[in-house]
Number of protein chains: 2
Amino acid sequence: MDRPLRIIDLLLYAAEAFPSSGVVSARPGGITARATYPKVAARVAQLAGALQRAGVEVGDRVATFAFNSARHLELYYAISGMGAVCHTINPRLSDDQLIFIINHAQDRMIFCDPELWPRINALLPHLNTRPQVVVMTDAAGMAPMAGEVLCYEDIIATEPQTIDWPTLPERTASGLCYTSGTTGAPKGALYTHRSTVLHALYLSSSLPDSLKERRRVLPAVPLFHVNAWGLPYTAPLTGASLVMPGSSLDGPSLFALMDQEEVTSAWGVPTVWMGLLDEIDRMGRLPKGFNDLVVGGSAAAPSMINRFEDMGVNVCHAWGMTEMSPIGSQGNLTAHYDHAPLSEQRAQKAKQGRRMFGVDFKIVSDEGVRLPHDGKAVGNLYVRGNSVISAYYNNAPATTDAIDAEGWFFTGDIAKVDPDGYLTLVDRAKDLIKSGGEWISSIDLENAALSHADVAQCAVIAVKDDKWGERPLLVVVPVGDAPDPAVLIEHLAGSFARWQLPDSVVFMERLPLTATGKISKLTLRAELDPAMKRAAR
Amino acid sequence: MDRPLRIIDLLLYAAEAFPSSGVVSARPGGITARATYPKVAARVAQLAGALQRAGVEVGDRVATFAFNSARHLELYYAISGMGAVCHTINPRLSDDQLIFIINHAQDRMIFCDPELWPRINALLPHLNTRPQVVVMTDAAGMAPMAGEVLCYEDIIATEPQTIDWPTLPERTASGLCYTSGTTGAPKGALYTHRSTVLHALYLSSSLPDSLKERRRVLPAVPLFHVNAWGLPYTAPLTGASLVMPGSSLDGPSLFALMDQEEVTSAWGVPTVWMGLLDEIDRMGRLPKGFNDLVVGGSAAAPSMINRFEDMGVNVCHAWGMTEMSPIGSQGNLTAHYDHAPLSEQRAQKAKQGRRMFGVDFKIVSDEGVRLPHDGKAVGNLYVRGNSVISAYYNNAPATTDAIDAEGWFFTGDIAKVDPDGYLTLVDRAKDLIKSGGEWISSIDLENAALSHADVAQCAVIAVKDDKWGERPLLVVVPVGDAPDPAVLIEHLAGSFARWQLPDSVVFMERLPLTATGKISKLTLRAELDPAMKRAAR
C-alpha cells in the first residue's frame, strides 16, 4: 500500500505512542519549560492553523532564526506538515550572508527568538521582500519589540488543537538549510519529506541505544543548522525526549542543565564538549545520568574522546554534512572489537565510524579512478543515498559542480575506508597541505598536538612556501603560559616524518570559529599566511 | 537524492557493518552450520548468478518450500535481489492447496528442503507448469532424490561471489505469500522492495532492545509464512544474528538450541512457547542468555505471559497479519507504566500493543461509522501503511473485498483501541459468538479458562442454538485427567456475566491446528457443532 512518507507522522506517532516523553526547553534565567509530545502535537496543529491563516501556501519558504527550543521544534513540524518549507537560518552568519540567504529563499515569514529580533529588524530594510516577522515568545515577552511584528503565542492561541494534515507527495520539499560557504555565496541544501523520514529511520536503526524511549537527548548542535543532526525527527520517532539548551552552550550552563534534566545522551561539536569537560573537572563528577556522547561536525581529537571514555561515557564519533540531512556515519564499535585491547578500541573510536544504512561511500582518485576500501587508499569521498540532497535550491551551477555523472555527491573530504567500513577523514580537501608534492594531513598533526598537556586547542594550516609550495603551521591556544615551540614540535616527531612537521608555532588566545562552530582555517590563513595577507591588500 | 529502496541493500549493509554477526542453522542430527553476514552475502551473489543462469527473469516467481535455515535466507535475498519474486510456500498446507498455489503463482523454480522433496515430487504431475526443482542440500544429501532435480550447492558452486545487483524501481514486486484461507481459495499477499525495506526500518525503530548487534534472535515463526515476521530483513539491518531452528520446534529441541547458541530473543506463536515452558520447568532454568520473547500469531494468554515474565523474560505481545508484512503492533510497555502496579503492567502486556510507526489503525462500526479510540468502542479493525499490501496477487475480487473506499485494509478482527494507542483484539470477526443479540468474545473466555491449573490448552467456539442463535462451547485439553466441567465453568463465573458462560465443556487430547500453527476453530466447529455436522452430511 503506497502511503507518502510524511514528516508530521513522526510527531503524531510520538503523541500517541510516547505520551510520557516530550521536550524540555531551557529559557533565559534558568527557567525550563516542559511539554509532552501530545502537547507539542496540539500546539503544532495550532501553529499550522496560524500559518494557513497568514496565507502560507504549499511550497512557500518560512524561516526560523532561533536557538534550540520547543517552539523551534514546533516550527519544524507545522511548516513542513502544511506543505511549506522550513528554512532554518544560522544567526552566526554575517549580515551580508543573512541578506543574501533571505533574499535567495524569498522567505514569506521569519520566526525569531526575542533576543535575535533586533538583528532581523535591522536587516529588514535591506531585503528585496517584506517577510512577516513573528517573535517566538508570549505577550509579556513582546514589550521590547516594535513595528509590524507578531507574537508567536498570540497567533496560535485561538487556533484549534487538531488539524487535518494534508497528504503531500513524499518528494515535496520540506526543509532548507544554507551551507555557510567558506568560499562563494551560501548554497541551500533542500530536503524533502522522503529524505527526512528515511534519514530519521536510518538514524534510529543505527543508534538504538542512544535513541529510544526513556532516553533524554540534548542537542547542543543547533536546530538552526543541519537539522540538529536529525534529532528533531528521530527523537519523536523513537520516543526519546529532547532537552533544548537554548543559546547557552558554555560548560557550566550545559552541565547544570544536563544534571538537572538527567540527560543521557548529548550531541554536538568538539568545541562545546571541551567546555563541558572543564566543568566536569571542576565539579569532579559527571552530570547525573550522562553516559553517551555523540560528537561530530569537526574531527574529535583522540585526547578528548579518551577523557570522556575514561569516565565511562560512550563516545560515538559521527560524521556528516548539511547536504546529507546530515548524518553519514557513526562510530560505535562493532562486536568485532569487543575483545580487542583498549588501545585498539580507542584508535577505532577516533575514526569517523561506519556508514549508516542507506548511505553509500565511494573514494575516488583525483584522476577519477575508484579506489578500494582497503584502509590504505586515500581519495576524494563521495556519498549517495536517499538522505543526500539531489540539488541545491535554485542553484543549478552549484548542483552540477557537486554531483558527478553517476549521481554521487562530492563531500569535499579526503578520506580512506577500512575493509570493515570504518571511515577515516584525512582532511578537508581544502585544508590538506601539499608540501614538496606530498600531502600532509592537518587533522593528524592537530590530533597529535592536542595530546600534549599544554595544548588546549589548536589548528594546523598551510602557509605558502617558495621552495615546497606549502608548509604546515601549527596554531596553538595554550592551557596556561605558552610552552616552548621546539618542545611542541618534538612532541610530534614520534608520529610523523621529519618533513611533515610544522616549521613553527603561533600562539593565540582563542581560535576564530565559523558560523557553524568549527575552527575557521580560512580566517587563520588570512591572518597568518604572509602570502595571503599580501594578496588581501 | 532519490535511490530506490532495495532489499539486497539490507544484506550488503550487514556484510560490511556487522562482519561478526550472521546466521546459525540447526540441521537434523544436532549439527549447526554457521555463516557470517559477509559469507551469506557472498553465497547470495552466487545463488543469484545461478538463478540468472537458469533463466529466471525480473518478475518471475521462484518458490521456496523449506524450514528455517541459512539457505532459506539466501533465497530471500538472491531471488528478490535479482528482481524476481520470492514465493514462500507453507509445507503444512494440503496437497490441493499446494497445487492451487503453485499453479496460481506459476512458479518457475521450486527450492525445497531434502525432507520435503518427496512431497513436491508427488505434486509435480498435478501442476499445469513444469517448475525446476532444486533441493536445498549438498551433493551428499542428494542421494535419495531422483528425476530432473538440481542440487543447491552444485548450482551455486561455480558462480562468482560478487554480482552487480540491478537497480530496480522500489515498487518492484519482491515477495509473495498465500494466506492459508480458512474459507475460499488461498490469496497471495504481494510485497515490494519498498514495503519490505520500510517494514524492516519500522520494526527496527520499534524494538531497539530486541534487534541490534550482539543480539541473537531465534525465529520460531517460519520463513515459509509471513516472512518470519520480518526478521530475515530486520536482523541484517540491525546487526542481530539469526539462529534458525529448522523443523524442530518442540520444547526440548528449542531449549537445547537456544541454550547452546545463547539466543537472547525468541519470536513465535503461543503454542510453540507452551512447549518451551514445559521444558523450562523440566530443566528448572531458562536457556542461557534468554531474556526477551516476542509472541503473536494468536492472542497470547495472560497466564503464559505471566509465567515468562515471572522468570525475568520480557514478553512483547505483538500482532500482525500476512497482509501487513506482517507486524502491526508491539506490546513493550511505554514509560507511562514504569511505576504502575505489577497487575496493571501485566494487564497491559496482555493487550496487542501499540501500532508500529508507519501503520495506522481505524475501527469502524458494522454500519461504517468510524469509532473513537477511547478504550471502549469495539468495532472492525482496519489498517493502512506502506507495509500493508495494496493488492492480492492476480486477484482483483479479493482485493476489492479487502480494501475500503478510503484505501484501508480490513483485518477481519474485532478490536478496540485505548486513548494511548494500545490495541485489544476482542476476537476474529468470524470467531465472535452472537448469543441472544449480544456478542461474546471467545478470546476472553479462553484466557480465563487457561488461568485454571488443569487446563493446558483450550478453545471456545460458537455452536448453533435454536433459542439464542449461538452459544459458546469450551473445548479443553486437560493437563492430566479431565477436571469436572462444572468446576471449570464456575472458575469463569467470576469474570463474566452468567449468560456469557459456556453451557458445556468438551475434552480433547489435542486441538486441531491450521497450517500456520493456530488453533483451527473451523475444524472444531465442523466436528463439534451438531448443526454444522448435519450440514456437512
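Residues numbered from 1 in each chain as written. Chains lettered and ligands numbered in written order. Predicted model: local features only at pLDDT ≥ 70, side-chain atom pairs only at ≥ 80, totals over all residues. Heavy atoms only, no water.

Caption draft 1: View of the interface of chain A and chain B. Chain A puts 51 residues into the contact, and the matching count from chain B is 51 residues. Buried surface at the junction of chain A and chain B, summed over both partners, amounts to about 4,300 Å²; 49% is from carbon and sulfur atoms. The largest contributions to the chain A side of the interface with chain B come from M1(A), Y13(A) and F357(A), which together make up 20% of the buried area. Run the count over chain A and chain B and you get twelve salt bridges. R355(A) is the salt-bridge partner of E16(B), the closest N and O atoms lying 3.3 Å from each other. Our count for the contact surface shared by chain A and chain B stands at 28 residue pairs in polar contact (both at pLDDT 80 or more). Secondary-structure elements contributing two or more residues to the side of chain A that touches chain B are α1 (8-17), α7 (193-206), β17 (353-355) and β20 (379-385) of chain A. The leading source of residues in the side of chain A that touches chain B is α7(A), at eight residues. Of the residues assigned to the side of chain A that touches chain B, the class counts are 24 nonpolar, eleven polar and 16 charged. (Contact = heavy atoms within 4.5 Å. Buried area = accessible area lost by both parts, 1.4 Å probe. Salt bridge = Lys/Arg side-chain N within 4 Å of Asp/Glu carboxyl O. Polar contact = N/O pair within 3.5 Å; in protein donor to acceptor, adjacent residues only side chain to side chain. Helix = DSSP H or I, 4+ residues; strand = E, 2+ residues; numbered from the N terminus. Nonpolar A, V, L, I, M, F, W, Y, C, P; charged D, E, K, R; others polar.)

Caption draft 2: Layout of the relation of the copies chain A and chain B. Once chain A is rotated about the relating axis by 180° and shifted along it by 0.0 Å, it coincides with chain B to within an RMSD of 0.0 Å. Here the transformation between the copies is reduced to the relation of a two-fold axis. Comparing interface residues between copies, 100% of those in chain A also lie at the interface in chain B; the contact surface is shared. (Least-squares fit on C-alpha atoms with pLDDT ≥ 70 in both.)

Caption draft 3: Quick look at the pattern of salt bridges. Following the criterion strictly, the structure yields 70 salt bridges over all chains and no others. In this structure, R384(A) and D360(A) form a salt bridge, with 3.4 Å as the shortest nitrogen-oxygen distance. With R384(A) in strand β20 and D360(A) in strand β18 (residues 359-364), this residue pair connects regions lying 24 residues apart in the sequence. Using a relative accessible area of 18% as the deciding quantity, one classes R384(A) as buried. Take D360(A): its relative accessible area is 22%, and that puts it in the partly exposed class. One network of salt bridges, with partners in common, ties together D2(A), E170(A), R171(A), R194(A), D2(B), E170(B), R171(B) and R194(B). (Buried < 20%, exposed > 50% of the residue type's maximum accessible area, 1.4 Å probe, protein only.)

Caption draft 4: Inspection of the sheet that holds strand β12 (residues 265-268) of chain A at higher detail. Residue and element names in this part refer to chain A. Strand order in this open sheet of seven strands is β2-β1-β11-β10-β12-β13-β14, and the pairing throughout is mixed. Looking at the sheet topology across the chains shown, the edges are occupied by β2 (31-36) and β14 (314-317). Strand-to-strand twist in this sheet, taken as the mean axis angle between neighbours without regard to direction, amounts to 20°. Note: β12 against strand β13 (residues 292-295), four bridges, orientation parallel. When the sheet's bridge partners are listed, G268 is paired in β13 with V295. The sheet strands contacting helix α3 (residues 70-81) are β1 (22-27) and β11 (241-244), and the helix crosses β1 at an angle near 130°. (Pairing = 2+ DSSP bridges. Axes fitted to C-alpha atoms, helices over the stretch in contact; angles between N-to-C directions.)

Caption draft 5: The arrangement of helix α11 (residues 302-310) of chain A in detail. All names here are of chain A. Within the sequence span of α11, burial applies to M304, I305, F308 and E309. Down the axis of α11, the sector holding all buried residues measures 130°, keeping them to one side. Contacts made by the buried residues of α11 are with α10 (270-283), β13, β14 and α12 (342-349). With its phi angle positive at about 90°, G312 sits one or two positions after the end of α11. (Arc of directions from axis to C-beta.)

Caption draft 6: Region of interest: unusual backbone geometry. With an omega of 20°, the peptide bond between S325(A) and P326(A) qualifies as cis. Checked against the element boundaries, P326(A) lands in the loop between β15 (319-320) and β16 (327-330). Positive phi is not limited to glycine here, since A228(B) has a value of about 45°. Structurally, A228(B) is set in the loop between β10 (216-219) and α8 (231-238). Here A228(B) falls in the buried class, since its relative accessible area comes to 0%.

Caption draft 7: Main features of helix α3 (residues 70-81) of chain B. Residue and element names in this part refer to chain B. Compared with the 16 Å implied by 1.5 Å per residue over twelve residues, the 16 Å span of α3 between its first and last C-alpha is a close match. Within α3 the residues assigned to the buried category are A70, R71, H72, L73, E74, L75, Y76, Y77, A78, I79, S80 and G81. Following α3 by one or two positions, G83 has its phi on the positive side, about 100°. (Expected span 1.5 Å × (residues − 1).)

Caption draft 8: Just the sheet that holds β16(A), in detail. Residue and element names in this part refer to chain A. With antiparallel pairing, the eight strands of this open sheet are ordered in space as β15-β16-β17-β22-β21-β20-β18-β19. The open sheet has two edge strands with one neighbour each: β15 and β19 (370-371). With two bridges joining them, β18 and β19 adopt antiparallel strand pairing. Looking at β19, one finds that I363 is bridged to L371.

Caption draft 9: Looking closely at the environment of A146(B). Residues and elements named next belong to chain B. Tracing the backbone through its elements, the reader meets A146 in the loop between β6 (132-135) and β7 (149-151). Take A146: its relative accessible area is 46%, and that puts it in the partly exposed class. Taking the C-alpha atoms as reference points, A146 and E438, separated by 292 residues in sequence, lie 59 Å from one another.

Caption draft 10: Quick look at the nonpolar core. F111(A), W273(A), F308(A), F111(B), W273(B) and F308(B) are the most contacted members of the largest nonpolar core, which has 239 residues in total. Dropping the residues within four chain positions of it, F308(B) is found in contact with W273(B), L276(B), L277(B), I280(B), F290(B), L293(B), V313(B) and V315(B). (Core = buried A, V, L, I, M, F, W, Y, C linked by side-chain atoms within 4.5 Å.)

Caption draft 11: Region of the structure containing the packing of α1(A) against helix α8 (residues 231-238) of chain A. Residue and element names in this part refer to chain A. Remark: α1 packs on α8, axes separated minimally by 7 Å, with the N-to-C direction vectors making an angle of 35°. The two elements α1 and α8 cross, and the hand of that crossing is left-handed. Between α1 and α8, the contacting residues are L10, L11, Y13 and A14 on the first element and Y233, P236 and L237 on the second. Residue composition of the contact of α1 with α8, grouped by class: seven nonpolar, no polar and no charged. (Left-handed = near helix turned anticlockwise from the far one by under 90°.)

Caption draft 12: Seen up close, the state of the cysteines. Residue and element names in this part refer to chain A. A full pass over the atoms with the stated rule returns zero disulfides over all chains. Here C177 stays free of any disulfide, with the sulfur of C86 as its closest cysteine sulfur at 9.8 Å. Judged by relative accessible area, which is 0%, C177 ranks as buried. (Disulfide = S-S within 2.5 Å.)

Caption draft 13: Spatial organisation of the environment of Q352(B). Residues and elements named next belong to chain B. When you line up the elements, Q352 lands in the loop between α12 (342-349) and β17 (353-355). Residue Q352 is classed as buried on the basis of its relative accessible area of 4%. Considered as a pair, Q352 and Q330 are 22 residues apart in the sequence and their alpha carbons are 6.5 Å apart. The residues contacting Q352, other than those within four sequence positions of it, are A299, H317, A318, W319, S329, Q330, G331, L423, T424 and L425. Here the side chain of Q352 touches L425 through a polar contact of 3.0 Å, landing on its backbone nitrogen.

Caption draft 14: Highlighting the environment of V294(B). Residues and elements named next belong to chain B. Residue position: V294 is located in strand β13 (residues 292-295). C-alpha separation for the pair V294 and Q330, spaced 36 residues apart in sequence, amounts to 8.5 Å. Among all residues touching V294, those that are not within four sequence positions of it are W229, S265, A266, W267, G268, W273, C316 and A318.

Caption draft 15: Fine view of the pairing of β12(A). Residue and element names in this part refer to chain A. Of the two faces of β12, the one holding S265 and W267 and the one holding A266 and G268 are both buried throughout. Here three bridges tie strand β10 (residues 216-219) to β12, and the two strands are oriented parallel to one another. Residue P219 lies in a different strand from β12, and its bridge partner there is W267. In terms of handedness, the path from β12 via α10 over to β13 forms a crossover that is right-handed. (Right-handed = clockwise from strand over helix to strand, strands pointing away.)

Caption draft 16: Spatial organisation of the packing of α7(A) against α8(A). All names here are of chain A. Contact pair α7 / α8: the axes reach a minimum separation of 9 Å and the direction vectors enclose 60°. Viewed along their axes, α7 and α8 adopt a mutual orientation that is oblique. For the crossing formed where α7 meets α8, the hand is right-handed. Facing α7, whose interface residues are T196, A200, L201, L203 and S204, α8 presents Y233, T234, L237 and T238. In terms of residue class, the contact of α7 with α8 is built from five nonpolar, four polar and no charged. (Parallel < 35°, antiparallel > 145°, perpendicular 65-115°, else oblique.)

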